[in-house]
Amino acid sequence: MSLVRVKIDDEEIEVPEGTLVITAAEKLGKSIPHFCYHERLTPVAACRLCLVEIEGMPGLQPSCATKVKDGMIVRTNTKNVLDSHKSVLDLVLETHPLDCPKCEATGRCKLEDFTYEFGPHRVSYYRPPGISAYDYEELSWSPVLKFDPNKCVECSRCIRVCDEVQDCRALVASSRGHNWRITTFTGGPLHCDFCGACASVCPTGAIEQQPGKFWKKDWELEKHFVICSHCGHGCTLLLRGWEGRIARIEDDFKVGINRANICSRGRFGFDIISHSSRLSKPLLRSDGKLVEVTWEKALFAAMEMITASHSVIGLASGMLSVEELFLFSKLLASRNGKKFSESRDGDVIEFEKKRLGRYGSTHGFDQLDSFESIVLVDIPVEELDEVLRIDLISAAKKSGAKLFTAGRASFRLKKRIAGLFKINSQTLASAPAKTLFVVDTERIEEKELSAILEKVSSDPFTGILFVAAQSNSRALSSFGFRVLPSDEISEVDLMIAAGPLQMTERPTSVKRLIASASFRNELVESADLVFPAALPFEKSGTYVNSEGRAQYSDIAVPMAGESWPDAVIWISVMKELGEATPSTPREILDEVRNNHPELFERNYPVKSSEAEPKLPSTRLAPPKRHRGLLLDKSEWLRKLQEHLDFSKEFSPWF
Ligand code: SF4
Ligand code: SF4
Ligand code: SF4
Ligand code: FES
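As the structure is a prediction and not an experimental result, all values here were calculated from the model. (Residues numbered from 1 in each chain as written. Chains lettered and ligands numbered in written order. Predicted model: local features only at pLDDT ≥ 70, side-chain atom pairs only at ≥ 80, totals over all residues. Heavy atoms only, no water.)

1. What about helix 8 (residues 322-334)?
Here is the rule: Numbered from the N terminus, helices here are DSSP runs of H or I no shorter than four residues, and strands are runs of E no shorter than two. To estimate the expected span of a helix, subtract one from its residue number and multiply by 1.5 Å. Burial status follows relative accessibility: with a 1.4 Å probe on protein chains alone, a residue under 20% of its type maximum counts as buried, one over 50% as exposed, and anything between as partly exposed. Only heavy atoms matter for contacts: two residues are in contact if any of them lie within 4.5 Å across the pair.
With 13 residues, helix 8 extends 18 Å from end C-alpha to end C-alpha; this agrees with the ideal 18 Å at 1.5 Å per step. Burial analysis of helix 8 places 10 of its 13 residues in the buried class, the great majority of the element. All buried positions along helix 8 are accounted for by Val322, Glu323, Glu324, Leu325, Phe326, Leu327, Phe328, Ser329, Leu331 and Leu332. Looking at the buried side of helix 8, the elements it contacts are strand 16 (312-316), strand 17 (338-341), strand 24 (492-498), strand 27 (541-544), helix 15 (566-577) and helix 16 (585-595). Phi turns positive one or two residues past the end of helix 8, at Asn336, with a value near 55°.

Okay, here's the thing in structure tokens:
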């Protein structure tokens with residue numbers, strides 16, 4: 001794309017042809033107020049807040065809908081421009097409830113920010129006595145979203161994100177002109193994907209998330225980027241919390257692979273962390289009952305059970321991190337234990353490795369638009385990976401990629417499906433060039449997989465994307481975890497179960513059971529020894545997503561009770577057994593890298609701008625919170641304290 005040179009307020013910048021004036025100005029660090037413009041959405045130039053002067057063009061022009069031209073001269077700070085910003089804001093404030101001190105959005109509200117920056121500092125429009133603002137009732141749209149029509153600035157971002165990005169169209173505008181209102185499609189409660197994107201793009205407090213409402217002001221919340229653990233997409237979530245509690249999950253367009261898309265599980269599933277059934281102490285069976293014991297006693301009991309067992313099997317969850325799976329597999333290897341998981345992912349990838357000598361998906365999520373056809377092979381996309389559904393829609397819109405379905409159709413993609421595709425050698429031979437097959441590793445049949453892999457190996461323009469069901473099930477194959485056979489497990493002395501599992505009861509052929517788990521459930525109740533395990537967000541670790549991308553997630557909140565990360569649990573057990581084990585995050589990751597380089601490689605070019613998975617900076621030991629550690633470094637706080645001490649002397653109340 002060719003570059004053009006523009007001058008904005010006497011500063012020159014070179015930007016790609018087609019760039020919007022508002023984006024070019026942003027690159028120069030200039031703030032142009034805007035409501036209806038959003039970088040993720042099609043410009044509609046509706047609010048008229050972003051007007052600027054452009055030499056050679058009449059009047060003022062919307063910077064959000066005007067593309068730069070070579071030699072263009074733009075002015076964003078003339079009296080005319082600043083007056084226009086002020087007038088638009090004045091009009092909005094005429095009817096806006098000035099509820100800032102008790103508004104959930106204060107501190108991140110764009111109306112608040114722009115009014116502060118551009119004025120007016122006194123509302124000039126006349127309000128008839130008794131009519132100070134709109135007085136509509138606040139609506140609870142759903143358990144997670146609420147809508148206050150009084151705070152709506154009519155930018156239509158919510159309607160557009162729901163339609164253009166989410167492909168849901170759950171929100172509409174009712175009526176026109178002065179009566180223009182946002183409403184749900186049904187006119188009643190919201191029926192939608194509950195992705196929360198409408199609340200995320202709303203510039204004011206009109207649409208707000210219900211979870212976390214009025215817990216803390218925005219500026220009191222810390223920010224942590226973490227990797228979502230609810231599916232194999234590997235979305236980056238912006239966790240906002242304080243003192244170890246999570247207030248809400250936000251998105252950031254510029255960070256992560258999900259381009260600000262988050263599904264309802266990722267956005268609202270954070271309360272699992274504080275669920276009342278969390279395990280907080282190790283449990284040991286004594287006189288038929290599970291009783292709380294110290295870690296020391298639990299580790300000693302584990303050592304006794306393991307050394308007394310002749311046959312050991314391990315069952316690992318695909319939600320454990322790379323480091324945790326590695327350490328768990330090391331423990332099992334030291335006892336000649338068989339390695340199982342509940343996921344078929346490891347088996348499918350191993351199958352591919354044997355057939356093609358390669359490991360995992362051939363393409364990434366951001367390459368979907370390079371295909372002309374995408375075949376969804378018996379995959380319920382929205383159940384498995386909701387953000388992949390959004391990526392598929394975006395690819396279909398952007399490049400015109402045609403979506404086909406083989407087997408079970410995806411309900412939410414139904415209207416986008418161009419036709420059916422039956423997988424056999426004839427159809428594959430005549431499949432259009434540039435076809436991507438998207439397969440569900442838990443459901444794909446061996447016959448179909450063989451045929452697709454043959455096509456992929458013979459046609460360099462064909463690709464395969466293995467969609468993993470869990471956040472790290474892609475790593476299971478590297479460490480040799482294979483799906484647990486559905487028939488009864490043969491007689492075994494000890495089963496060690498690690499991480500969140502679907503298994504609800506201990507198999508009858510298992511004599512003893514050790515489990516690391518985060519919640520009380522039937523499997524835990526049937527165990528002989530239970531280690532309370534930390535959840536993602538409470539621990540650091542690397543996760544390999546469906547594309548084969550290794551991403552590092554850091555600690556964001558302290559661990560519940562006395563729980564430990566699985567990595568620490570299995571290191572401690574190995575130490576108790578006298579086995580050699582790496583114990584710092586760097587040692588662990590180095591050993592994994594040396595022995596399993598495939599976990600950090602991809603089958604497609606990696607963009608140079610992409611960050612390599614970071615090496616953990618923290619140790620895996622239970623984190624401690626250092627509250628207020630840096631507060632004494634603040635000059636303002638010191639002055640404030642002095643002021644308080646001083647005012648006490650003169651105050652009649654002290
Ligand atoms: S939560 Fe998502 S799907 Fe529901 S209305 Fe908002 S943007 Fe649309
Ligand atoms: S509810 Fe929010 S996003 Fe939707 S039109 Fe109103 S201000 Fe804009
Ligand atoms: S798509 Fe998957 S990784 Fe992304 S937010 Fe949803 S559950 Fe989490
Ligand atoms: S932001 Fe440009 S017209 Fe609304």
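What follows continues from the structure just given.
2. A closer look at the packing of aromatic side chains
Selection criterion: A pair of Phe, Tyr and Trp rings is counted when the ring centres sit within 6.5 Å of each other, with Trp represented by its six-membered ring. The angle between the planes then sorts it: under 30 degrees is stacked, over 60 is edge-to-face, the rest tilted. Two thresholds decide whether a charge sits over a ring: the Lys NZ or Arg CZ must be within 6 Å of the ring centre and within 35 degrees of the ring normal.
Under the counting rule described, the total for this entry stands at 10 aromatic pairs. On the numbers, 3.8 Å between centres and 0° between planes, the contact of Trp295 with Trp564 is stacked. With a gap of 269 residues between them, Trp295 in helix 7 (residues 295-307) and Trp564 in the loop between strand 28 (550-553) and helix 15 connect regions that are remote in the sequence. With a centroid separation of 6.0 Å and an interplanar angle of 75°, the aromatic rings of Phe421 and Phe437 are classed as edge-to-face. In this pair, Phe421 is assigned in the loop between strand 20 (417-420) and helix 12 (425-429) and Phe437 in strand 21 (residues 435-440), connecting sequence segments 16 residues apart. Of the residues examined, Phe421 reaches a relative accessible area of 12% and is grouped as buried. With a relative accessible area of 0%, Phe437 lands in the buried category. Three or more aromatic residues joined by ring pairs make a cluster, and in this case those are Trp295, Phe328, Phe481, Phe531, Trp564 and Trp570. It is Arg278 that lies over the ring of Phe519; its NZ or CZ is 5.8 Å from the centre. Directly above the aromatic system of Phe600 lies the positively charged group of Arg593, at a separation of 4.6 Å from the ring centroid.

3. Focus: the sheet that holds strand 1 (residues 3-8)
To keep it simple, the criterion reads: Strand pairing requires that DSSP identify at least two bridges connecting the strands. Every angle, taken between N-to-C directions, lies between 0 and 180 degrees, and every axis is a line fitted to C-alpha atoms, over only the stretch in contact when it is a helix.
Across the sheet, 5 strands lie side by side as 2-1-5-3-4; this open sheet has mixed pairing. One side of each edge strand has no neighbouring strand; the edge strands of this open sheet are strand 2 (11-16) and strand 4 (60-62). Neighbour-to-neighbour, the strand axes of the sheet open up by a mean angle of 40°, direction not taken into account. As paired strands, strand 1 and strand 2 are joined by 6 bridges and run antiparallel to one another. Residue pairing in the sheet places Lys7 in a bridge with Glu12 of strand 2. Packing of helix 2 (residues 79-95) onto the sheet brings it into contact with strand 3 (51-54), strand 4 and strand 5 (73-75), and relative to strand 3 it is tilted by some 165°.

4. Thoughts on the site of ligand 3
Here is the rule: A single heavy atom is enough: if one lies within 4 Å of a molecule or strand, its residue is considered near that molecule or strand. Residues are grouped as follows: Ala, Val, Leu, Ile, Met, Phe, Trp, Tyr, Cys and Pro are nonpolar; Asp, Glu, Lys and Arg are charged; every other residue, Gly included, is polar.
Lining the immediate environment of ligand 3, one finds Cys228, His230, Cys231, His233, Gly234, Cys235, Ile262, Cys263, Gly266, Asp385 and Val387. Across the shell around ligand 3, the residue classes tally to 6 nonpolar, 4 polar and 1 charged.

5. What to know about the packing of helix 9 (residues 345-356) against helix 13 (residues 446-458)
Stated formally: The labels follow the angle: roughly parallel below 35 degrees, roughly antiparallel above 145, roughly perpendicular from 65 to 115, and oblique for the rest. Crossing handedness: left-handed means the near helix sits turned counterclockwise from the far one by under a right angle, and right-handed means the same turn made clockwise.
The contact between helix 9 and helix 13 brings their axes to 11 Å, and the two run at 45°. Put simply, helix 9 runs oblique to helix 13. Relative to helix 13, the crossing made by helix 9 is right-handed. Counted together, Val348, Phe351, Glu352, Arg355 and Leu356 of helix 9 and Glu446, Leu449, Ser450, Leu453, Glu454 and Ser457 of helix 13 form the full contact between these two elements. Split by residue class, the contact of helix 9 with helix 13 holds 5 nonpolar, 2 polar and 4 charged.

6. Comments concerning the layout of surface pockets
Test applied: Using a 1 Å grid laid over the protein atoms alone, points where a 1.4 Å probe fits but cannot get out form a cavity; open sets with protein on both sides within 12 Å along at least 5 of 7 lines form a pocket; any residue with an atom within 4 Å of a point counts as lining. Grid points are joined across faces, edges and corners, and a volume is the space filled by probe spheres set on the points.
The computed volume of the second largest pocket comes to approximately 1100 Å³. Lining the second largest pocket are 40 residues, with His38, Arg108, Lys110, Ser200 and Asp251 positioned closest to its centre. Contributions of two or more residues to the lining of the second largest pocket are made by helix 3 (110-118), helix 5 (197-201), strand 10 (207-209), strand 12 (236-242) and strand 13 (245-250). Residues that form the lining of the second largest pocket fall into these classes: 14 nonpolar, 7 polar and 19 charged.

7. A few points about the sheet that holds strand 6 (residues 139-140)
The antiparallel open sheet is built from 3 strands, whose spatial order is 6-7-10. Only two strands of the sheet have a single neighbouring strand rather than two, namely strand 6 and strand 10. Where strand 7 (residues 145-147) and strand 10 come together, 3 bridges link them in antiparallel fashion. The residue bridging Lys146 from the neighbouring strand is Glu208, located in strand 10.

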